[in-house]
Amino acid sequence: MSQRRLAIFVSTAVLGTVFCTSMIRAQQGPLVPQGMDALAARATFHTDMTFDESMLRAASQIMPDEDRPIIAKLHSITVHNFKYSAANVYDPAALEAVRAQYRDGGWNHLVTKQTHPPAQAVSSATTDASGAPIAVAPPKPFDPTRTDVWVRMDHSNFAGMVLLVANERNVNLIVIDGMISPIDLLHLRGHFGIPKFGGDLESRQ
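Residues numbered from 1 in each chain as written. Predicted model: local features only at pLDDT ≥ 70, side-chain atom pairs only at ≥ 80, totals over all residues. Heavy atoms only, no water.

So, about the environment of tryptophan 107. Within the fold, tryptophan 107 resides in the loop between helix H5 (92–104) and strand E3 (108–114). On the accessibility criterion, tryptophan 107 (5% relative accessible area) is buried. The sequence separation of tryptophan 107 and valine 151 amounts to 44 residues, and the corresponding C-alpha distance is 5.9 Å. (Helix = DSSP H or I, 4+ residues; strand = E, 2+ residues; numbered from the N terminus. Buried < 20%, exposed > 50% of the residue type's maximum accessible area, 1.4 Å probe, protein only.)

Take a look at the structure:
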């Protein structure tokens with residue numbers, strides 16, 4: 001095969017790979033969902049941050065050695081953070097619309113994790129030995145948190161991941177573009193605006 005034919009063959013193969021990857025991404029929907037303005041409308045605090053490749057590489061220099069190979073595989077991390085002054089301020093339908101975009105876009109839903117209220121100790125004693133009443137502290141308010149994780153696949157490889165952590169006063173959406181596995185995600189907790197969510201990533205539908 002001549003060098004010219006080889007160059008044409010390589011160029012065609014590269015273009016075909018790019019085209020197929022673009023088709024896979026298009027079929028699986030966009031990384032960042034539409035309709036985020038509905039969540040921001042009533043937020044008292046709202047931030048949007050994007051770490052591109054150069055920013056990720058720079059930040060990796062001060063991270064543990066075992067985390068640097070993970071960051072080297074990423075193209076970007078985008079974080080949307082919404083905080084509300086009171087419970088139940090934002091429209092739950094707006095949040096469900098975000099989930100629906102990943103579900104309908106063909107993303108693989110890896111995790112749904114819902115926290116539950118802690119068990120309250122039951123005591124029949126209302127007075128002490130002297131007959132004086134015992135002051136019982138009121139239970140702490142419970143704010144249920146739901147964690148969703150979606151992954152985008154490129155053949156058998158993870159090509160992107162979305163983490164949505166939401167409770168009554170906070171919504172965090174983290175969009176990661178790049179080759180990242182669920183175990184890699186656990187290493188990135190607490191960095192780049194990613195919340196320190198629980199470590200249980202077992203699939204729960």
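Further notes follow.
On to the sheet that holds strand E6 (residues 170–178). Here six strands make up an open sheet; going across it, the order is E1-E2-E6-E5-E4-E3 and the pairing antiparallel. The sheet is open, and its two borders are formed by strand E1 (45–51) and E3, each paired with just one other strand. On average, adjacent strands in this sheet sit at an angle of 10 degrees to one another, irrespective of strand direction. With nine bridges connecting them, strand E4 (residues 146–154) and strand E5 (residues 157–166) associate as antiparallel partners. (Pairing = 2+ DSSP bridges. Axes fitted to C-alpha atoms, helices over the stretch in contact; angles between N-to-C directions.)

Of all 10 residues in E5, eight are buried, a share of seventy percent or more. Counted between consecutive antiparallel strands, the loop separating E4 from E5 contains two residues, among which histidine 155 sits at a positive phi close to 60 degrees. Pairing geometry for E5 and E6, over seven bridges, is antiparallel. Bridge assignment links glycine 160 to a residue of E6, and that residue is aspartate 177. Once E5 ends, the chain turns through three residues before running back antiparallel as E6.

Note that all results are geometric; they support no functional claim without further evidence.
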